[in-house]
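Each chain, written out:
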Amino acid sequence: MLNRIVKAKYKTMETSLISQEELLLEFENKINAEQKIEPLDWMPDEYRNHLIRQMSQHAHSEVIGMQPEGNWITRAPSLRSKKILLAKIQDEGGHGLYLYSAAETLGVSRDQYIQWLHEGKAKYASVFNYPALTWADMGAIGWLVDGAAITNQVSLQRTSYGPYSRAMVRICKEESFHQRQGYEIMWKMMEGTKDQQEMAQDALNRWWWPALMMFGPHDSDSPRTSNAMKWKIKRETNDHLRQKFINKTIPQAELIGLKIPDSNVVKLSDENYQTSDINWDEFWKVVNGNGPCNEQRLAHHIKYHNEGAWVRESASISNPK
Ligand code: BYC
């Protein structure tokens, strides 16, 4: 695929008399007409680089996101819940695979993406730098973290880059199951003993704010939003998506007797819930590598990536490059 992209690029440079302005106009016309940009289409470098960054970070989030839940497979309270959790975590690995494959169509290899992650040059969702302390956290992660992710990803199904958009369609189908399995855990615990109810409430208290942080900084502080919206990479802004998530999640909490850990929640006349603001110092601390589990998450990924080298080598023997 990489070779095909490089050849197509050179072919365009050699044979085409079309000017950069005309290519840009054609690209913009496609975007405006809601047509997808495909890997061999001409695209501005800024658009390609924006996608390289966002899609690879998205892929890393899926894979690093397996760690907090993987920690609970051996301690799941029943065989049923263990099977469901295993299937869910395996799905997340699959999401990483679709997204790395889609991101490779931009001309960067998966090895390079992983290297950027290991060197701390690539980010992943800040929420995965918090610890999963109890079984109720499996509920909170599925309900809130997958719930936040799906809110964003439903909108990304309409992203302008074809391979990213198609990966999102498949991912969203699986994420809706994940959100429900998390909510089911919380609901069962809220029907249980006082201790179980307190455990569920404690998990909500600890995951509520990190889940809201998943949508990124306020629109006014988001340097990437302007280009992302112009090129239809993002279809809705960070604040708009966050509000959608808040509006649908608060009634879900209330329905099963959970209390949102924010004394300033008010339902406004326009049906939107108003909440307190996020602690942005904490957000940037975690994004910049200083959250409770940043070091642990990266070290774990590096260790098992290195230990898995023999698997990749063996696989490449039957599938030479
Ligand atoms: N965490 O201008 P902004 C899952 C960074 S996993 C970390 O708003 P943008 C799951 C941002 O990268 C799916 N960093 O940027 C898996 C940028 O830094 P750089 C998770 C963040 O790109 C397992 C800077 O802050 N979903 O579902 O327009 C178990 C300025 O931000 C965060 C995705 O990955 C953050 N929360 O918007 C369970 C969604 N927020 O890159 C579940 C895909 C911001 O300039 N990504 N930053 O150095 C996106 O939709 C967008 O990239 C974001 C940020 C909304 C995250």
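Residues numbered from 1 in each chain as written. Predicted model: local features only at pLDDT ≥ 70, side-chain atom pairs only at ≥ 80, totals over all residues. Heavy atoms only, no water.

What follows concerns unusual backbone geometry. Peptide bonds are, in most cases, trans, and in most cases residues other than glycine have a negative phi. Phi is positive for E34, which is not a glycine, with a value near 65°. Relative to the assigned elements, E34 resides in the loop between α2 (20–32) and α3 (45–64). Backbone geometry at K232 places phi at a positive 55°, although glycine is not the residue there. Assessed through its relative accessible area of 17%, K232 is described here as buried. (Helix = DSSP H or I, 4+ residues; strand = E, 2+ residues; numbered from the N terminus. Buried < 20%, exposed > 50% of the residue type's maximum accessible area, 1.4 Å probe, protein only.)

This paragraph deals with the domain arrangement of the protein. On domain assignment, one finds that the protein holds domain 1 (1–43) and domain 2 (44–311). Measuring from the centre of the C-alpha atoms in domain 1 to the corresponding centre in domain 2 gives 33 Å. Contacts between domain 1 and domain 2 engage 15 residues on the former and 23 residues on the latter. R166 is the salt-bridge partner of E38, the closest N and O atoms lying 2.8 Å from each other. Between domain 1 and domain 2 we count seven residue pairs in polar contact (both at pLDDT 80 or more) in total. Listing elements by their share of the side of domain 1 that touches domain 2, those giving two or more residues are α1 (2–15) and α2. Looking at the side of domain 1 that touches domain 2, the element that brings in the most residues is α2, giving four residues. When its residues are assigned to classes, the side of domain 1 that touches domain 2 shows 10 nonpolar, two polar and three charged. (Domains from an automatic or database assignment. Contact = heavy atoms within 4.5 Å. Salt bridge = Lys/Arg side-chain N within 4 Å of Asp/Glu carboxyl O. Polar contact = N/O pair within 3.5 Å; in protein donor to acceptor, adjacent residues only side chain to side chain. Nonpolar A, V, L, I, M, F, W, Y, C, P; charged D, E, K, R; others polar.)

This part covers the site of the ligand. The environment of the ligand is formed by 35 residues, the closest being R53, K123, S222, R224 and K234. N238 is positioned such that a nitrogen or oxygen atom in its side chain is 2.8 Å from an oxygen atom of the ligand. Protein chains bury 92% of the 1,000 Å² of accessible surface belonging to the ligand in isolation. Elements supplying a minimum of two residues to the shell around the ligand: α3, α5 (79–104), α7 (136–156), α8 (162–190) and α12 (280–290). At six residues, α3 tops the list of elements feeding residues into the shell around the ligand. Taken together, the residues of the shell around the ligand sort by class into 14 nonpolar, 11 polar and 10 charged. (Near = heavy atom within 4 Å. Areas by Shrake-Rupley, 256 points an atom, 1.4 Å probe, with all protein chains shown as cover.)

In this section: the environment of S222. Residue position: S222 is located in the loop between α9 (194–213) and α10 (225–230). Overall, S222 belongs to the buried group, its relative accessible area being 11%. Separated by 107 residues in the primary sequence, S222 and Q115 have C-alpha atoms spaced 26 Å apart. Contacts of S222, omitting those with residues within four sequence positions, involve P217, K234 and N238. Within the structure, S222 has its side chain in polar contact with the side chain of T225 (distance 2.5 Å).

Counted under the stated rule, the structure contains 16 salt bridges. Notably, a salt bridge pairs E198 with K194, separated by 2.7 Å at the nearest N-O pair. Within this pair, E198 and its partner K194 are both found in helix α9, separated by four residues, close to a single helical turn. Residue class for K194 comes out exposed when judged on its relative accessible area of 59%. When the shortest N-O distance is used, the salt bridge between K303 and E307 registers 2.8 Å. Taken together, the residues K303 and E307, both in helix α13 (residues 294–307) and four residues apart, mark about one turn of the helix.

This part covers the environment of R206. For R206, the position within the fold is in helix α9. Residue R206 is classed as partly exposed on the basis of its relative accessible area, which comes to 24%. For the pair formed by R206 and P261, sequence separation is 55 residues and the distance between their alpha carbons is 8.7 Å. The residues touching R206, leaving out its near neighbours within four places in the chain, are P131, L133, T134 and D137. Within the structure, R206 has its side chain in polar contact with the side chain of D137 (distance 2.7 Å).

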